[in-house]
Structure formats: C-alpha cells, structure tokens
Amino acid sequence: MEIITSMLAGILFATGIYNLLQKQMLRIIIGTALLSHGAHLFILTMGKLKRGKPPILVEGVEKYVDPLPQALILTSIVISFGVTSFLLVLAYRASLLNETDNMEELRGSDYE
Amino acid sequence: MSNLAVLPILIPLLAGIFAAFIHNKTKMVRIFSIIVSISNLVVVSYIGYLVFQNGSIILETGGWKAPYGIVLVADMLSILLVITTNIIAVACVFFARKSLSQQQENFYFYTFFFLLITGVSGAFLTGDLFNLFVFFEVLLMASYALIVLGGGKIQLRESIKYVLINLFSSILFVTVVSFLYSVVGTVNMAQIAERVQEVEQRGILTTIAILLFFVFATKAAVFPLYYWLPKSYVVPNPVVSALFGALLTKVGIYSILRVFTTIFVYEIDITHQFFLWLAALTMISGVIGALSTNNIKLIISYNIIPAVGFMLMGIGLYTEASISGSIYYLLHDMIVKGTLFLIVGAIVAITGTSDLRKMGGLIHHYPVIGWLFFVASLTLAGIPPFSGFIGKLLLLQEGLAQDQIAIVIIGLITSLLILFSMIRIFIQAFWGEKDDTITPNRIKSRAYAWPIAFLVAFSVFLGVGAEYVYPMVEDISTYLLDPSQYIDSVLKE
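Please read all numbers here as calculations on a predicted model, not as lab measurements.

Each helix and strand in chain A was counted, giving three helices and zero strands. Taken from N to C terminus, the helices and strands of chain A fall in the order α-α-α. Rg of the C-alpha trace for chain A: 19 Å, well past the compact-globule value of 13 Å for 112 residues, more than 25% over. In terms of overall dimensions, chain A has a C-alpha envelope of 65 × 25 × 20 Å along the principal axes.

See below:
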C-alpha cells in the first residue's frame, strides 16, 4: 500500500512541476495545487498507512495508526487552500491590469 | 510564569484582529497601533529581562508534555531577536502614517502589519519544526497581502513571482519535515536533536539536512536562491520594504542558525564547509547587484544579500567566536536594514523619483536625513565604532584563525564595495549644487526623520555600547554550541 501511495505522490509531484514550468498563469497555479496535494499524500505515507485501529482512546486497543501525520496534513491543507485561493485572486487581478496571463510577458525590467 | 512565552505572539495577533474592526477610522487605528506596538515592546523587553535573569521560559501549550505537544521556547537567542523585531515594528508604525496613503492605511495595513509581527515572533519562539512551517506561512500570508497593498501594475506582476517562489519552498518544507518525521519519528526540535545525536547523523539525515537548508536558503536569499528578492522588495511601499528587509530574510537565517547548531552538527565537513562556499558567492553576487543599478531602492535591496553571506559565513565556520559574530551581525543587520529602507523611502517621497541620476544637493534642504543616512551607511559597511564593525571583526578574525583566507579576502572586498555603493548614493543624492527651486517641507521631513533617528540610535548603541551587548551574545553562542542545554531545558530531563 505504501508503495502505491508513494508512487502516486511522485506522479503528483511530476505533473505539478510540469505545470509549474508552463507560461500560462492558471496552469502554474494548478501546478502548485498539485504539488501541495503530492506533499500531503507524502506526509500520510511517511506516517505508515494501515497498521492498526483508528487513533481513538478506547480500552483494549494496543496498536493504532499514528495520529500526528493526520494532524499535520490537516494544518497543511488549510494553509494550501488559503494560499491557492489568494493566488487565484492575485492572478486574476494581475492579468486584468497587465492585460496578459503569459509569464514571459510579465518579466519586466523597469522598476518604476 | 511560563505563560509569558506566548505573549509576543498573542498581543500582535489580537491587535491585528481588533485593528480589522476599526480599519476605516484612520485616527483611531493609528493611535491604537502605536499604543499596542509600544506596549508590546515593553512586555517583550520584560520577558527578555526574565530570560536573561532566570534562564529559558518554556511553555508546553495546552499542558501537553514536551515531545508530544507544541512547545514555545523563549531562550536567549529567540527573545533577543523578538525584542529587535519589536523595535523595528515601533519605528515602522510611526513611519507608516506618513508614508502610506490614507486609502492604503484604511485597507487593513495595520492588521497585516500585526499579523506579520505575529508570524515573525512565532517563528523565533517555536520549538518544533512543523510549527516553524506554520508560522512561516502566517508571516508569508501577511507579506503577500502587504506586497500588493496599493495594487499597482508592477506590484501585481512582481508579487506573483514572490508568492510562487515562497509557495514552492513551503511545499518543499512540508515534504522535508515529513521525511524527517519518517526517519526520526518526531517533529519536536529538541527530540530530533536527541535522536540525531543517538544515530550520529547517518547519510540519510545529512541529505535531509541539505534539503532543509535549501528551504531556509530560499527564504533567507542565499546564492543562488536570491533572484526573487531584489525586485519584489522594491515594489511595495517603503515602510513595507523596511519590514521585509529587516525581518523576513532574517527569519530564514535564524532557522539555519537554529537547525545547524542544534540538530545537524555531526557532519560538519559536509554541511558547514558547503555553507562557507555559498557564503562567499552570496557576498560577491549581492554586492555586484548593488553596484549595477542607479535605482536607490534597488541598491538597498541588493545590499541585503551580502549581509546574509556574512551571517552564513559565521555558521559555516562553526566556532564560538564566529557564531557570536553571526548573532551580532544578525541583530545589527535587522536594525540597519530597517533604517536604510525607511531613509530611502523618505528620499523617494521627497524627490519623487528613485533614480540616482535625477537627484542632487538634498543635504542643503534636509540636513538631518542626510546625516542619518551617512551614519547608517557607515554602520552598514562596518566602519568602527559602529555596530557592523564588531560583527565583521569577529567573523573575519575567526576566519583568519581557521585558515579560511579566501573567504576573509572576499569579505573584506565585499565590505569595501558595500561602502562604495552606499557612498555613491550619499554623493549623488545629497552632495552637489544647492537647488534653489526646491522649497523644503520641514514639517514633513521632520515626521520622516523621527522614526529613522530612533532606529539609528539603536544601531549606534549596538556599536558604541558593545560592552553591554557582547557578553549577552557570547553567552548565547556558548549556549548554542552545546545542544544538550537546549534539549535538557525543553525535554526537562
């Protein structure tokens, strides 16, 4: 099971980076979203997937899944959700004002 | 008693939330922010006094014991940096009311300002690696909002790049933390340090260390990962640039300092030697950038980068004197970068341009700002008796003692070129013929000069009063070089 999820995380990373290297702004944002999904899946894999009962305190349960990675993912998902929505708004405004969504044209060497 | 450790995070957080409610009552929110930031400075200084008297304050949040719960560690290093952060915050909050337009001020500037302080203080105080990520995110979110404040065309263009690069490095940070978790089974820095010590940092841990360094180096703008910094620090309002230049890269340097003196210290030949090379390249490339342009804002932005190189050099040498040099330089650089960005902001506001070739003779009309700039640039270049000198002296002396001649020479040349780039601004903008067509706005320039003078006073104190500050810094570096003290105080063994 860990093998499959780590491969999946790898695929997400690869597609994320491919999208990150594109010129169109929206694709780049999708790339960052995919990257963060890959990272979250990776945290889950690193904490070992299925090796016992759910981490709820009940009498008699000795082996339970490590709850820490899940807590970390929850925090990280919230953060990446916030950043992605901010980035979408930012990209929308920037493309309106600069009249392009192509990163090549957004290079700019003037500072004022 | 231990609850005090949360105050530097809690006060600005609550203040930021409250400022959001009164955001369109300009006068009220100004007075509120000034009162809160001064009282926060007082509170933080009191905590600092307690830490230096009685040792580290450690708060186990929610009563969960150290390796399991979240810990906040206010030790000497972190509290000293939090105090410096708040000094800069006070200066910036006074400067903001002059430099921002009323619309920008009303558009939640103070909220994001306080959230930025929350994030920075939190990153300094936190005791586990995942919370370091969370506080990084808090301060980055505030900085994303501040960098687009005003919403100009260029601001939007540059902020997209800034956001994307920081987002990428944050994702990498999470990935590296999960790598580390799978190897050592914890995210608490003290416990990681303990476990790394037990296995004596095997190959995989060194790999993780380098990856972690890559993340922090992106935030701290180390060569070759500094390319995003200069332009994105030029576009926002000067007071925002001052906050960024003074605080954001320094959080990255602090993280490197913390992680590579507490956790990964067993393969010095690989990691710390590598830092020395990067430090040399960072210094050279930063100062070349500073000389390449006529835009005064850009010159100051580029000058952040060689300073990062100096601090990294101290970590790379990894001896007691060099670490104290790095810490001294860190304190000095936070204050002097804040000062310089504020002065440059004032110059741009007075002349209406940031092009060096279109200025001249400002010192006849604005002598106070001119001399403040002169003192600040001597401080930055490290002319004795100002504060930059002491940090540099420690670093270069230790470099000679360790037979790292190459980096010492590069450091000296860099200092000279930094001085050159600063004096160039002084000569072209302040000297020259008196232009009688300008009627100076004395009241406005005085309002600009006060916060700057406040910061310059601190940076002069750091230099002239070194005999008061240096023993503290020396204590900190002995403390840092013995990780067992940190581990014992957090895990209470």
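This brings us to the confidence of the model for chain B. Within chain B, residue pLDDT values average 89, and 99% of them lie at 70 or more. Here helix α14 (residues 362-365) of chain B is the element of chain B with the lowest mean pLDDT, 82, and helix α1 (residues 7-21) of chain B is the one with the highest, 94.

Next up on the list: unusual backbone geometry. Residue and element names in this part refer to chain B. Residue Pro224 follows Phe223 across a cis peptide bond; omega there is -5°. Mapped onto the elements, Pro224 comes out in the loop between α8 (203-220) and α9 (229-234). A cis amide bond, omega 5°, links Pro384 with the succeeding residue Pro385. Its place among the elements puts Pro385 in the loop between α15 (367-381) and α16 (387-401). The backbone of Tyr318 shows a phi angle near 55°, a positive value even though the residue is not glycine. Positive phi, normally seen in glycine, also occurs at Asp403, with a value near 65°. If you trace the backbone, Asp403 turns up in the loop between α16 and α17 (405-430).

Turning next to the nonpolar core. Within soluble globular proteins, side chains that are nonpolar tend to cluster in buried spots. Ranked by size, the top nonpolar core spans 220 residues in total, and within it Phe109(B), Tyr162(B), Phe244(B) and Phe264(B) carry the most contacts. Apart from residues lying up to four places away in sequence, Tyr162(B) is in contact with Leu140(B), Ser143(B), Tyr144(B), Ile147(B), Trp228(B), Ser232(B), Tyr233(B), Phe244(B) and Leu248(B).

This part takes up the interface of chain B and chain A. Opposite the 35 residues of chain B that make contact, chain A presents 37 residues. Counting each side, the surface lost to burial between chain B and chain A is near 3200 Å², with a carbon and sulfur contribution of 79%. Counting the surface chain B buries against chain A, the share from its top three residues, Arg157(B), Ile160(B) and Tyr181(B), is 19%. At the boundary of chain B with chain A, the tally comes to zero salt bridges. Between chain B and chain A we count one residue pair in polar contact (both at pLDDT 80 or more) in total. Counting residues per element, the ones that place at least two in the side of chain B that touches chain A are α5 (129-147), α6 (153-184) and α9 of chain B. Residue contributions to the side of chain B that touches chain A peak at 19 residues, all from α6(B). Of the residues assigned to the side of chain B that touches chain A, the class counts are 21 nonpolar, eight polar and six charged.

Each value, and the rule that gives it
- Residues numbered from 1 in each chain as written.
- Chains lettered and ligands numbered in written order.
- Predicted model: local features only at pLDDT ≥ 70, side-chain atom pairs only at ≥ 80, totals over all residues.
- Heavy atoms only, no water.
- Helix = DSSP H or I, 4+ residues; strand = E, 2+ residues; numbered from the N terminus.
- Rg over C-alpha atoms; globule rule 2.2 N^0.38 Å.
- pLDDT = per-residue confidence, 0-100.
- Core = buried A, V, L, I, M, F, W, Y, C linked by side-chain atoms within 4.5 Å.
- Buried < 20%, exposed > 50% of the residue type's maximum accessible area, 1.4 Å probe, protein only.
- Contact = heavy atoms within 4.5 Å.
- Buried area = accessible area lost by both parts, 1.4 Å probe.
- Salt bridge = Lys/Arg side-chain N within 4 Å of Asp/Glu carboxyl O.
- Polar contact = N/O pair within 3.5 Å; in protein donor to acceptor, adjacent residues only side chain to side chain.
- Nonpolar A, V, L, I, M, F, W, Y, C, P; charged D, E, K, R; others polar.

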